[in-house]
Amino acid sequence: MRGRHHLPFLLVLCALSPARAAEGDRLNHFLSLSLEELMAQEITISTHARQTLTEAPAVVSIITADEIKATGATNLMEMLEGVPGLHVRANQFAFRPLPQFRGANATQTLAMVNGVPMRDLMWGFGIFWKGLPVSVVERVEIIRGPGSAMYGADASAGVINVITKTAGRIEGSEVGGRVGSFNSNTAWAQHGGSWRGYEVGFTAELSSSDGHDPYIVADRQTADDPASSLAPASAGYGWRSEDLRLSLAKDDWRLLADYVRHSELEVGLTGGGVLDPLTRASDRRYNVDLLYDNERFGRDWGVNAELRYHHLDYTSGEGFQERPPGYDDGSVTYPDGVINRMRSAENRLALEVSGLYSGLPRHAIRLGAGVTQQDLYSVEQWRTDPDNPTQLVELSDTAAAFAPENARTIQHLYLQDVWSLAETLELTAGARYDHYCDFGDTLNPRLALVWQNSARLTSKLMYGQAFRAPSYQELYASTSYAQPNADLEPERSQTVELAFVYAASRKLQLNMNLFHFRQSGLIKRDVVTGQYVNSGDHAIRGIELEAQWQAARNLRVSGNVTLREQDESSYRTLDEADRDAYVRLDWGFRPGWNWNLQGNWVGERERALTDTRPAASDYLLTDTTLRYAAHRWELAASVRNLFDVAATASTGTSLPYDLPLPGRTLYAELRYQF
């Protein structure tokens, strides 16, 4: 895939705005905040009300835009690797980044953008999910632990909410560009201002990359039919993307309109681990959200309302090449291989209204209700005909299609009370009831006791239940791999956590989080019948240790270690290590200059009992970024995987040698603010 240079398009995009502040103010990233100020940053993810990180009745992390910029990250997923207990696994299909919390599968993670779940009915995060460009991100709020009591489905192990740059939050205008390895080119622009009494915000990013195209020594086809296998060969992971976001704000109202598109996307390998050089896929996702937030709606009442529309469609283009040309299944030879051409489209319409009542002394009571309608309204499929292997046969509107056209309605109601038992003791109790039209009801409570033991120490004891709704793939889709089960129940989980936040000194912050996470009714494929069923239980326990040290006014060192222990059941997540660690150094060594150094260590990953391969090796990836700001300009140079470590993402036996991760990668970046 050939890259394009987008910068000329964006240089004329923004109108002139008042000049930005001097360079000393413009490099006002997180290094200029004290540790007390960092812990006093307000978040809303845990209760829908403003609270500091220390007060929040959950284990919460926050990542700001300035913190992201200091690292030279190009995609949000790169930043999440530094969060304790969170690992981003690279999937062999399209090199999708899948965030996993505390040893749980990525299906137990709820990812949102401005409160909008990124999950679709069929494919979880979206079949061509690529994360989010960092140029549009204002901050990221993360719950490590259950979130279903506030957010409903899929928030079993953790919640990620990305808050984008919108009207009233963007200062002036900026254009920028980045070039890097693998013919990667990116250009972006942002503008914030006012128009006829409205605050206006706009961000845009255009990017393309040929991908790191890992060399695959052997694939699934090598084992099944080595004569027709394309391996050894490189898996193509190139793609283009467009991300456009417009927002308007006035008084208590806010309108958000987003458009995201991927095109010419190479999947590299099929989900079954077969090299696929054919696919050039695309997708589109757009949202329109109308939000109302009035903290003084009436006496003792604040009111929030959301009306959201979401659309997603995708196409595999000329089709996925599930088997290569010349493939012989024992009865039929396929001269052009096995081609699977798929398209689908779905809509989601959601309405939620909530109120915060503060008329009772020592209580803050929030009551909310809503309804969501999801409609998979278009499913089309063509597949190679085994009776005529040079032709495709249409399966649309038949029982053989990959999914039926269908709709899902979800109604929910939640209640939460934040009760100040004493000046230093606060209890948060809440529950959410969800009714799904296709499988029934679920009720998920949440309790948290936050005790400020002293001026330096805060303790948190928390309990929560959560669930994952069966996907359409599990409920309705009949495939060669698995059969659906319309009687599936949701996966359920229970989590107990004990957390300590300790300010050892004005320059040293220490956190410790202990957790026990139990899942039940896990949805798995029955190896005998091939049907999805609710199966057994699985338990994970662990500890997360964090530290931040302000070594000097312009020097900060931070890091974390996560240790997990899973039971020996067959439901263990084997592609995530039970040991990992992260360390980061930020040094503003001269006015206008900042140097960032990061190290991310991932331990060995075990294999399944039936997998005779040795454990996947541990690895340490080191990234570094040097940034300089002068007047209205910023320049940065980054090296990712500085020492060119041969690291791999653990996979099943379809890829005997696992999936190679990118080697040493170089980026150069330029920004201009006006």
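The structure presented is a predicted model; accordingly, all values stated were derived computationally and were not measured.

Colleague: Would you take a moment to explain the overall build of the chain for this structure?
Modeller: If you tally the helices and strands in the chain, you get eight helices and 43 strands. Relative to its length of 674 residues, the chain is compact, with a C-alpha radius of gyration of 25 Å against a globular reference of 26 Å. With the C-alpha coordinates of the chain rotated into their principal frame, the extents come out at 75 × 55 × 55 Å. Taking all 674 residues of the chain together, the buried fraction comes to 56%. With an accessible surface of roughly 28,300 Å², the chain has 56% of that area assigned to carbon and sulfur atoms. With 64 positive and 84 negative side-chain charges, the chain shows a spacing of 6 Å between the two charge centroids.

Colleague: Is there a simple way to explain the pattern of salt bridges in this structure?
Modeller: Opposite charge on two side chains allows them to pair when their charged atoms are near. Evaluated as defined, the whole model comprises 46 salt bridges. Between E306 and R308 there is a salt bridge whose closest N-O contact spans 3.2 Å. Of the charged contacts, one joins R627 and E634 as a salt bridge, the two residues approaching to 3.2 Å between their closest N and O atoms. Judged on exposure class, the residue R627 and its partner E634 are both buried. Among the charged side chains, a network of salt bridges with common partners joins K69, E174, R178, R627, E634, E669 and R671.

Colleague: For this particular structure, what's the right way to read the pairing of strand β19 (residues 281-298)?
Modeller: Looking down a regular strand, the side chains alternate between one sheet face and the other. Direction of pairing for strand β16 (residues 253-265) relative to β19: antiparallel, over a ladder of eleven bridges. What sits directly across from R254, in β19, is L291. As paired elements, β19 and strand β20 (residues 301-315) share 14 bridges and run antiparallel to each other. Note that in β20 the partner of N294 across the bridge is V303. Connecting β19 to the antiparallel partner β20 that follows it, the hairpin turn spans two residues, and D300 within it adopts a positive phi of roughly 65°.

Colleague: Mind showing me how you'd approach the sheet that holds strand β9 (residues 158-164) here?
Modeller: Pairing in this open sheet of five strands is mixed, and the strands run β3-β8-β9-β6-β7 from one edge to the other. Across the chains shown, the open sheet's two edge strands, defined by having one partner strand only, are β3 (60-64) and β7 (116-117). Pairing analysis gives two bridges linking strand β6 (residues 109-113) to β7, with the strands arranged antiparallel. If you follow M112 over to β7, its bridge partner there is P117.

Colleague: Sorry, what's going on with unusual backbone geometry here?
Modeller: With an omega of 0°, the peptide bond between A231 and P232 qualifies as cis. Of note, P232 is situated in the loop between α7 (220-224) and β14 (233-234). A positive phi angle, close to 65°, is found at A94, a residue other than glycine. Within the secondary structure, A94 sits in the loop between β4 (86-90) and β5 (97-101). Residue class for A94 comes out buried when judged on its relative accessible area of 0%. The phi angle at F95 is positive, at roughly 50°, despite the residue not being glycine. By relative accessible area, which is 19% here, F95 ends up buried.

Colleague: I keep staring at the nonpolar core and nothing clicks. Help me out?
Modeller: The nonpolar side chains of a soluble globular protein tend to be buried with one another. Of all hydrophobic cores here, the largest spans 32 residues; its most connected members are I63, L80, V140, I142, I160 and V162. Listing elements by their share of this core, those giving two or more residues are α5 (76-80), β4, β5, β6, β8 (137-144), β9 and β32 (508-520). Considering every element that reaches this core, the biggest residue donor is α5, with four residues. With sequence-adjacent residues up to four places away left out, V140 is seen in contact with S61, I62, I63, L76, I160, N161 and V162.

Colleague: Explanation requested: the packing of aromatic side chains in the structure shown.
Modeller: Geometrically, a pair of aromatic rings is defined through the distance of the ring centres and the angle of the planes. According to the stated counting rule, one finds 17 aromatic pairs in the structure shown. Ring geometry for F93 and F320: centres 5.7 Å apart, planes at 65°, overall edge-to-face. On the criterion of sequence distance, the pair formed by F93 in the loop between β4 and β5 and F320 in strand β21 (residues 320-323) is long-range, its members being 227 residues apart. This pair shows no difference in class: F93 is buried, exactly as F320 is. An aromatic cluster is present here, built from W587, F589, W593, W595 and Y628 joined pairwise through their rings. Geometry around F515 places R102 over its ring, the cationic atom sitting 4.3 Å from the centre. Taking the ring centre of W239 as reference, the NZ or CZ of K130 above it sits at 4.9 Å.

Colleague: What exactly am I supposed to notice about the pairing of strand β29 (residues 440-452) here?
Modeller: Bridge count between strand β28 (residues 425-436) and β29: twelve bridges; the pairing is antiparallel. Counted as the bridge partner of A429 is L447 from β29. Between the antiparallel neighbours β28 and β29 lie three residues. Inspection of the sheet shows β29 paired to strand β30 (residues 457-468) by seven bridges, in the antiparallel sense. For Q452, the partnering residue across the bridge sits in β30 and is T458. In this structure, the hairpin formed by β29 and β30 is closed by a connection of four residues.

Colleague: Just checking my understanding: could you explain the confidence of the model for the chain for this structure?
Modeller: Should the pLDDT be low somewhere, the predicted coordinates at that spot are not to be read in detail. Averaged over every residue, the pLDDT of the chain is 90; the share at 70 or more is 93%. This stretch, residues 1-29, has a pLDDT under 50; its non-local contacts, to residues over four places away or in other chains, come to 83 contacts.

Colleague: What exactly am I supposed to notice about the environment of P484 here?
Modeller: Secondary-structure assignment places P484 in the loop between α8 (472-476) and β31 (491-505). Linking P484 and A345, residues 139 residues apart in sequence, is a C-alpha distance of 20 Å. Beyond its immediate chain neighbours, meaning those up to four positions away, P484 contacts Q473, E474, L475, Y476, A477, S478, Q531 and Y532.

So, how was this worked out
By convention here, each chain's residues receive numbers from 1 onward along its written sequence. Since the coordinates come from a predicted model, pLDDT governs what is reported: local features require at least 70, and pairs of side-chain atoms require 80 or more to be given and counted, while whole-chain, interface and lining totals use all residues. Just so you know, side-chain values use all the structure's heavy atoms and leave hydrogens and water out. Each helix is a run of DSSP H or I of at least 4 residues and each strand a run of E of at least 2, with the numbering of both proceeding from the N terminus. Atoms counted for the radius of gyration: C-alpha only. Globule rule: 2.2 Å times the number of residues to the power 0.38. For each residue, the accessible area found with a 1.4 Å probe, counting protein chains only, is set against the maximum for its type, and the residue is called buried under 20%, exposed over 50%, and partly exposed in between. Methods summary: accessible areas were calculated by the Shrake-Rupley approach with a probe of 1.4 Å, and residue burial reflects only the protein chains presented. When charges are counted, neither His nor the chain ends are considered; positive counts come from Lys and Arg and negative counts from Asp and Glu. To locate a charge, take NZ of a lysine, CZ of an arginine, CG of an aspartate or CD of a glutamate. Just to be clear on terms, a salt bridge is a Lys or Arg side-chain nitrogen sitting within 4 Å of an Asp or Glu carboxyl oxygen. At least two DSSP bridges between two strands are required for those strands to pair. The nonpolar core is taken to be a set of buried Ala, Val, Leu, Ile, Met, Phe, Trp, Tyr and Cys residues, with the residues joined through side-chain atoms within 4.5 Å. Pairs of residues are marked as contacts when any of their non-hydrogen atoms sit within 4.5 Å. What counts as a ring pair is set by centres within 6.5 Å for rings of Phe, Tyr and Trp (its six-membered ring), and what kind of pair is set by the plane angle: stacked under 30 degrees, edge-to-face over 60, tilted for all other angles. Remark: a charge is flagged as sitting over a ring if the NZ atom of Lys or the CZ atom of Arg is within 6 Å of the ring centre and within 35 degrees of the ring normal. pLDDT is a per-residue confidence score from the predictor, ranging from 0 to 100.

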